[in-house]
Amino acid sequence: MSDKKLFLVDGHAIAYRAYFAFIKNPLTNAAGQPTGAVFGFANYLLRLISEYQCPYMAVVFDSEVPTFRHEMYAEYKANREEMPDDLKSQIPLIHKLVDLLNITALKQGGLEADDIIAHMTRRAVQNGFEVFIVTRDKDLMQLIDDKNVRMLSFESSGSIEVFGPEQVKEKMGVGPNQIRDLLALMGDSSDNIPGVPGVGPKTAQKILEKAGSIEALLQNPSIVENPKLQAKIEENRDALILSRNLATLHFDVEYEVPFEHCLLKPVKKAECLDFFREMEFNSLLKNPMFSLEKSLDFSVSVPTSIIEVEAFAKRIENAGFVSIDTETTSLVSHGAKLVGIALSVGTTDALYIPVGHTHNGGQGNLNMDQVLETLRPVLESKSIKKIGQNLKYDFQIFKGHGIYLANLHFDTMIAAYVMDPGKRNFSLDAMAAQWLNATTTPIESLIGKGKSQIGFDEVPITIAAKYSGEDVIIPLLLQDVFVPVLTEQAQLKLFHEIEMPLVSVLAEMEWKGVVIDTALLSQLSSHYTAKLAEISADLFAMAGGEFNINSPKQVSEILFTKLGLPKSKKTKTGLSTDVDALEKLQGAHPIIGKLLEYRESQKLLSTYIDALGPQISPETSRLHTSFNQTVAATGRLSSNGPNLQNIPIRTDAGKKIREAFVAPADHLLISADYSQIELRILAHVSKDPFLMQSFHDDKDIHTQTASAMYGVFPEMVTSQMRRAAKTINFGLMYGMGPINLSRQLGISFKEAQEFIATYFRQFPTIKKYMVSSVETARQNGYSETLLGRRRLVPEIDSTNRQVREAAERVAINTPIQGTAADIIKIAMVNVAAKKSEIGFDFSMLLQVHDELIFEVHQENAQTLLSWVTNIMSSAYKLDVPLKVDASIGKNWSEAH
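Every residue gets a number counted from 1 within its own chain, in the order that chain's sequence is written. With the structure being a predicted model, the display of local features is reserved for residues of pLDDT at least 70 and the display and counting of side-chain atom pairs for 80 or more, all residues being used for whole-chain, interface and lining totals. In computing side-chain values, all of the structure's heavy atoms are included and hydrogens and water are not.

## Brief notes about the overall build of the chain
Threshold: In DSSP terms, a helix is any run of H or I states spanning at least four residues, a strand is any run of E spanning at least two, and both are numbered starting from the N terminus. Buried, partly exposed and exposed residues are distinguished by accessible area as a fraction of the type maximum, computed with a 1.4 Å probe on protein chains only: under 20%, between the cut-offs, and over 50%, respectively. Here a residue-residue contact requires only that any non-hydrogen atoms of the pair lie within 4.5 Å. Accessible surface is estimated by sampling points in the Shrake-Rupley manner with a 1.4 Å probe; for residues, cover comes only from the protein chains shown. We count Lys and Arg on the positive side and Asp and Glu on the negative side, and we leave His and both chain ends out. Every charge is mapped onto a representative atom, which is NZ of Lys, CZ of Arg, CG of Asp or CD of Glu.
A count of helices and strands for the chain gives 37 helices and 24 strands. Dimensions of the chain, computed from the C-alpha atoms along their principal axes, are close to 100 × 80 × 55 Å. Relative to its 896 residues, the chain shows a buried fraction of 53%. Relative to all contacts within the chain whose residues are 6 or more apart in sequence, the contacts with residues 24 or more apart total 68%. Surface accessibility of the chain: about 39,800 Å² in total, with carbon and sulfur atoms responsible for 50%. When the 90 basic and 107 acidic side-chain charges of the chain are each reduced to a single mean position, those positions are 4 Å apart.

Spelled out as structure tokens, the structure:
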């Protein structure tokens with residue numbers, strides 16, 4: 001029968017694989033419980049069920065008590081490292097997951113999972129089943145056969161690799177029937193199977209090619225021609241027999257489970273969803289297998305005349321608020337055409353106004369100009385609160401149609417970010433699933449995917465209305481849930497006075513865009529293309545021949561095989577040649593410096609020089625970057641299309657790229673940059689008297705620090721001393737340790753240790769602040785800025801040292817970097833709020849790190865510079881003055 005397929009999942013093997021898949025980016029929920037292994041395990045099982053249907057399925061777990069192999073050999077698995085505490089705490093949750101997915105769990109005291117799998121496999125084959133063993137464990141490869149048994153292995157690429165006899169032979173050098181003997185000969189360090197000393201995989205394979213089996217080998221050791229190897233086998237006969245017994249799977253164990261018990265049953269939906277919410281697995285909440293079968297209960301009406309729109313506008317006036325969403329032909333606001341407008345003033349009904357549908361010849365659309373003029377009073381009203389999701393986009397769509405969307409009051413995406421900035425997904429679908437237990441209509445169900453995808457304007461109006469109605473009903477429901485949380489966390493002020501006013505500020509900045517000198521970019525492109533050719537020639541000369549500089553494998557062969565440089569860290573594809581690995585090899589060979597120069601030049605060429613021009617809008621002839629308010633967990637803004645935060649600051653190349661950002665005719669650019677704002681905040685929060693006095697006296701802080709550390713007068717501080725002080729001043733805020741400090745300063749590890757110790761002896765209040773920050777975060781479970789922005793740090797109690805230390809660095813840095821982010825946001829909001837006071841027009845164009853860029857007519861440039869400097873320096877009151885460096889230029893580089 002085709003449905004007689006049994007899938008046996010090696011529970012602990014898959015748990016370990018899931019755990020290590022997230023080791024570099026560990027997951028935890030708000031309670032601080034590590035969850036990466038559970039999440040990975042869930043995804044593996046769901047992937048398996050999705051691809052193979054799995055008529056019969058069981059997850060097999062090891063016994064906690066010793067097995068017969070321990071009785072046979074006391075040192076069995078003695079070398080195996082104890083399970084990491086982070087994983088150990090997740091094993092009960094994995095057991096719970098399996099139970100909630102309604103999958104049979106197989107486990108028995110005194111039996112290893114391998115033996116249960118072997119026993120079940122043999123019985124299943126005898127009963128006409130096809131068996132799939134889900135693991136990467138080489139011990140279980142001996143079960144694979146030509147017809148009935150296969151192994152499924154989850155690969156890091158996301159694919160599932162199928163192992164039959166041929167794949168086993170290719171990977172292990174022997175077929176399934178010789179796996180046991182291979183392991184016995186070469187030993188297995190993970191299980192502490194002794195094997196024969198000095199016999200590795202290759203030697204073991206050659207022995208089995210000649211002998212066929214251990215039995216034959218022991219009967220006639222002379223079959224091995226090498227006398228020394230013969231002697232080793234004779235000397236270790238007992239160890240070899242023991243190793244073979246340890247590697248032998250036991251089929252005839254006393255464990256009888258009817259196959260009917262392994263039939264795959266429907267999941268326990270409600271319990272699964274509760275569990276996923278507790279674990280904060282938002283992506284799993286949307287899996288069709290756990291469909292809540294609960295849709296939002298509301299109605300949507302589509303007006304057939306402008307009179308109905310007028311009536312709804314009156315409802316909005318009476319309510320004093322409106323939830324709003326626009327449907328368009330593009331995600332890019334410039335050039336996007338308005339298709340429909342959804343409005344709601346309650347959670348039971350919504351209005352969808354079609355204005356640009358092309359389906360059915362556009363029948364059913366209302367006149368767009370009439371609709372917009374009817375809604376203009378309520379949309380532009382400063383007293384009517386606007387609610388929605390990603391209101392920045394709606395603001396720009398209306399701006400493109402001559403309407404200023406006023407009083408952006410509650411953006412659910414921004415609110416969710418303020419509540420927990422460490423989350424990865426602030427989509428309306430994810431929030432509806434997490435907070436409302438509700439399923440939403442995926443956009444793909446309307447417009448399709450890939451090549452067959454259609455525009456929203458081609459969607460029938462009735463279908464579009466239901467979809468768009470969700471987008472105005474859900475924000476109102478979420479607002480009711482989010483306000484109490486924001487209130488409890490004392491974050492309403494941060495949300496309403498900084499984050500929400502910033503939405504329209506960013507919208508205006510994005511809409512304005514910046515002028516780009518394309519002629520200069522073209523010159524730079526030619527220059528860097530030629531430069532890359534020169535560097536390539538130098539690299540080929542150093543390597544003794546041509547190679548693919550963009551191929552990590554070929555670069556690795558040149559560096560580590562041909563040139564014999566010290567080996568770098570290993571990756572899944574070989575020895576690493578990433579920037580970090582190359583920087584550690586600086587000085588080992590001239591080729592390293594050239595490789596780094598090549599990569600930097602190539603990155604600048606591909607990311608900026610050749611990429612900026614094509615991103616210029618044909619409608620405005622300007623470049624419109626997007627500022628992301630809900631991406632960086634620190635509270636800082638990020639940008640994309642292009643990412644302006646990554647343009648090098650101090651290099652000549654970075655300066656050249658900034659020269660391409662120019663002011664139009666008769667205008668100038670102004671750059672206003674907070675000077676050493678994070679160090680000033682450090683002085684404020686640590687109350688360090690030396691730092692505070694230095695800032696009050698407007699002294700060079702790095703020179704003063706070097707003076708204190710080296711015990712010399714400020715006039716005697718050398719540039720090298722100042723550089724060292726600057727490195728440690730900034731580095732310690734980001735948790736820099738002696739390893740990184742030694743690398744950056746080119747000093748020994750011991751010297752770096754002493755350097756840090758000297759710093760803390762000189763500035764004990766800073767050390768006290770750092771210790772206090774960690775302890776406060778440990779007690780509260782979060783770190784906080786001066787303005788109340790929280791960043792959850794559940795990992796601060798992790799038993800994994802690397803994870804815990806990373807969380808401690810976040811605890812130290814968040815009050816500093818996060819407060820700096822808050823302060824420049826306040827400055828941006830204040831500049832926009834007071835713009836009408838200055839008496840002339842100007843535009844705020846860009847925000848990069850601690851810098852704001854403005855465009856203004858040349859005759860007003862000096863006045864604006866003074867005005868902006870005053871607003872920025874008074875944005876927030878610290879115990880030390882906020883200093884702003886501002887300058888004017890025809891381009892960004894000149895003004896920077």
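Read on for the rest.
## Observations regarding the pattern of salt bridges
Opposite charge on two side chains makes pairing possible when the charged atoms of those side chains draw close. Condition: Between Lys or Arg on one side and Asp or Glu on the other, a salt bridge is scored when a side-chain nitrogen of the former is within 4 Å of a carboxyl oxygen of the latter.
Taken as a whole and judged by the stated rule, the model has 31 salt bridges. Two residues, Glu317 and Lys314, come together in a salt bridge whose shortest N-O distance is 3.6 Å. You can see Glu317 and its partner Lys314 sitting in helix 15 (residues 306-319), three residues apart, about one turn around the helix. On the basis of relative accessibility, which here comes to 47%, the residue Lys314 falls in the partly exposed class. Here Lys835 ties to Asp841 by a salt bridge, and the two come within 3.6 Å at their closest N and O atoms. Residue Lys835 is classed as partly exposed on the basis of its relative accessible area, which comes to 30%. Residue Asp841 is classed as exposed on the basis of its relative accessible area, which comes to 58%.

## Side note on helix 29 (residues 689-696)
Defined as follows: The arc under discussion is defined with respect to the helix axis, by the directions toward the C-beta atoms. Any pair of nitrogen or oxygen atoms within 3.5 Å is treated as a polar contact; in protein, a donor-acceptor pairing is required on top of that, and neighbouring residues in sequence qualify only through side-chain atoms on both sides.
All buried positions along helix 29 are accounted for by Leu691, Met692, Ser694 and Phe695. The arc that holds the buried residues of helix 29, viewed along the axis, is 165°, so those residues lie on one side. Those residues of helix 29 hidden inside the fold are in contact with helix 28 (677-686), helix 30 (701-710) and helix 34 (764-780). If you check the start of helix 29, you find a side-chain oxygen 3.1 Å away from the backbone N of Phe690, and it comes from Asp688. Directly after helix 29, the chain includes Asp698, whose backbone phi takes a positive value near 55°.

## A few points about the sheet that holds strand 3 (residues 104-106)
Note the threshold: Any two strands with at least two DSSP bridges between them are considered paired. An axis is simply a line fitted to the C-alpha atoms; with a helix, the fit covers only the stretch in contact. Between two such axes, the angle follows the N-to-C directions and lies from 0 to 180 degrees.
Ordered by their spatial adjacency, six strands build an open sheet running 3-2-1-4-5-6, and the pairing between neighbours is mixed. The open sheet has two edge strands with one neighbour each: strand 3 and strand 6 (160-163). For this sheet the average axis-to-axis angle between neighbouring strands, irrespective of direction, equals 25°. Relative to strand 3, strand 2 (residues 56-60) runs parallel, the two being bridged by three bridges. Following the sheet pairing, Val59 is matched in strand 3 by Ala105.

## What about unusual backbone geometry?
Excluding glycine, most residues fall at negative phi; most peptide bonds, likewise, are trans. Geometrically, the link from Gly641 to Pro642 is a cis peptide bond, its omega value of 5° lying close to zero. By the secondary structure assignment, Pro642 is in the loop between strand 17 (638-640) and helix 27 (652-659). We note that Asp698 has phi near 55°; this positive angle belongs to a residue other than glycine. As for its placement among the helices and strands, Asp698 is situated in the loop between helix 29 and helix 30. On the accessibility criterion, Asp698 (48% relative accessible area) is partly exposed.

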